[in-house]
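Structural overview for review
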Amino acid sequence: MCIKLQELYPHQKAMSEPFSRRENALLLAPCGSGKTLAIIYNWLKERPTRHLIYVLPTTTLLKSIKQDIVELIEGKEGKPDAVKNLGYKIVKLEDTKFTDPKLISIATDYGEERESKLYAHDIIITTLDSYIARLYRSSLTPKRYRDLPIARIFNSTTVFDEAHMYDNYTHTLARYTLKLLREGGAHHIIMSATLSEDMIRFLELTDYTKIRVKDEEWMGFTGKKQIIDVIDTHDFPSKVDELIKEHDISNALIVCNTVNKAQSLYEKLNNGSRSLLLLHGRFKPEDREKNESLIREHLKNKNSFIIATQVVEAGIDISAPCLITEAATGDSMVQRIGRCARRRGEEGKIFILYSSNDKPLPYNRPEVESVIKIFKDHLGQYDLSLEKELVSSVIPPSLTGNVEAKARGIILSAFTSLSAFGDAWINVPTRNATPIYLYFGKNINKDQNVMDNCVRADLRFLYGLDGDLSKFKYYERSYNEDGKKFDFKERKTPSAWCIAVLKGVSYDPVLGVIKS
């Protein structure tokens, strides 16, 4: 049985205007305030465009957002009835009808899961990487149809969720992409809980319709939480174990800054009496999906802990009574804390750990040190003033230097490709690293499901194993039109999106990729 129709919050109601007028907008609202509901409800109610493209910063929890959207439309106990009452029905793409706009289709488009190759579905949930690849005519789309997704993008509403979660290079890429969307008249919405005024100016969003939750209401959407302690430790796993025992913690979300540290912590806490769930980006698709399916229910039992990396900072609707986290940048910390005592009436405890001697990888020491000082000045509390300080501490990229110049160069090449209206295309690297796949099957030339046995990483991972990259084998893949299959050809050096067969690395379905 569904709950009664929820009266929409003021910021959710206010989003009706940017949709009805097809205005570009910036939605600034705290974690847990129903940003997804605001988007889905108003897009369906006003239907300013044929398609809605929902862009997330990472792939790891993309299916969680899809599940949320499906439950909002179809209705589920504990979910507001506002969207369900609009009378839409989710069907397969082939069952949609031009004569019945209430029948809509939903698909994901990321990694190896391309449900909507030509962006034909009504709602497409994707990542920034895939979105940019479609927009700039990359080889993701079959050659003869390469301009079709672009046309659909410019006649769609694109929503960029949690637009803060990028590195400097990607932020610069996003800046020029938003500029292209504005010049092309493409309707788009940016929403975040942690976009500072400096970042708003950097992304050139100052003229957008701005909808912001009022200061006096900002902290009212979630439970009460407080910073219990800020601890300098040189042994993160042991300190976490000690905190759990000392404070009798039976449920917690524990966030690490690196995959290696998350794996080490899992092994440290795995004593047989605890139920552990490990989340990070270095799992095979099957194992990642299995872990993702357990997220929502995992913390409901005693002695249950989620150990994760930055993948939990967006697209995950969980509420933990306790958060233990490594110190990170201010915007990341706000997102992590947003997963603690997420519901009204709940109470949450927060422990922040750091090491004064170790590098705070993948972050820069100065930006993390400023965050540590902010938390130390606010022990025993968590309020809007603290959250504002954290968000304001984020330093926007400067439009100088190699990283930014590289992003501008990529965009210039993409503009050239777009204007060619021919066969020209480029592969657009969306991160400041070369993406690759790690293969963990038996024989790449005989494997019928090569990509199912691959884990996405980047070239820096290989350099971290051994400076001599010639020790590994690399393969390029190409689609064989005649055989309707992928062919894999060995090459001497790594390249973007190549497949690496490694020595000194193994795979565990529980821990993910492991360095031997």
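The model shown is predicted, which means the values in this text are computed figures rather than measured ones.

Looking now at the nonpolar core. Formed by 40 residues in total, the largest nonpolar core has its most connected members in Val 240, Ile 254, Ile 307, Ile 324, Leu 438 and Leu 462. In this structure, Ile 39, Ile 69, Ile 106 and Met 191 belong to the second largest nonpolar core, which totals 38 residues.

What follows concerns the packing of helix H13 (residues 330-337) against helix H15 (residues 384-392). Each packed pair of helices is defined by two parameters, the angle between the axes and the distance between the axes. One way to put it is that H13 packs onto H15 with a least axis distance of 6 Å and a crossing angle of 140°. Relative to H15, the element H13 lies oblique. Residue-level contacts link Gly 330, Asp 331 and Val 334 of H13 to Glu 387, Leu 390 and Val 391 of H15. For the contact of H13 with H15, a count of residues per class yields 3 nonpolar, 1 polar and 2 charged.

Counted under the stated rule, the structure contains 4 aromatic pairs. Both rings, one in Tyr 131 and one in Phe 160, keep their centres 5.5 Å apart while their planes meet at 90°; by these two values the pair is edge-to-face. Of this pair, Tyr 131 sits in helix H5 (residues 128-135) while Phe 160 is found in strand E8 (residues 156-161), placing the two residues 29 residues apart along the sequence. On the accessibility criterion, Tyr 131 (0% relative accessible area) is buried. Between the NZ or CZ atom of Arg 175 and the centre of the ring of Tyr 176, over which it lies, the distance is 5.6 Å. Directly above the aromatic system of Phe 202 lies the positively charged group of Arg 175, at a separation of 5.4 Å from the ring centroid.

Definitions and cut-offs
Residues numbered from 1 in each chain as written. Predicted model: local features only at pLDDT ≥ 70, side-chain atom pairs only at ≥ 80, totals over all residues. Heavy atoms only, no water. Core = buried A, V, L, I, M, F, W, Y, C linked by side-chain atoms within 4.5 Å. Buried < 20%, exposed > 50% of the residue type's maximum accessible area, 1.4 Å probe, protein only. Axes fitted to C-alpha atoms, helices over the stretch in contact; angles between N-to-C directions. Helix = DSSP H or I, 4+ residues; strand = E, 2+ residues; numbered from the N terminus. Parallel < 35°, antiparallel > 145°, perpendicular 65-115°, else oblique. Contact = heavy atoms within 4.5 Å. Nonpolar A, V, L, I, M, F, W, Y, C, P; charged D, E, K, R; others polar. Phe/Tyr/Trp six-rings, centres within 6.5 Å; stacked < 30°, edge-to-face > 60°. Lys NZ or Arg CZ within 6 Å of the ring centre and 35° of its normal.

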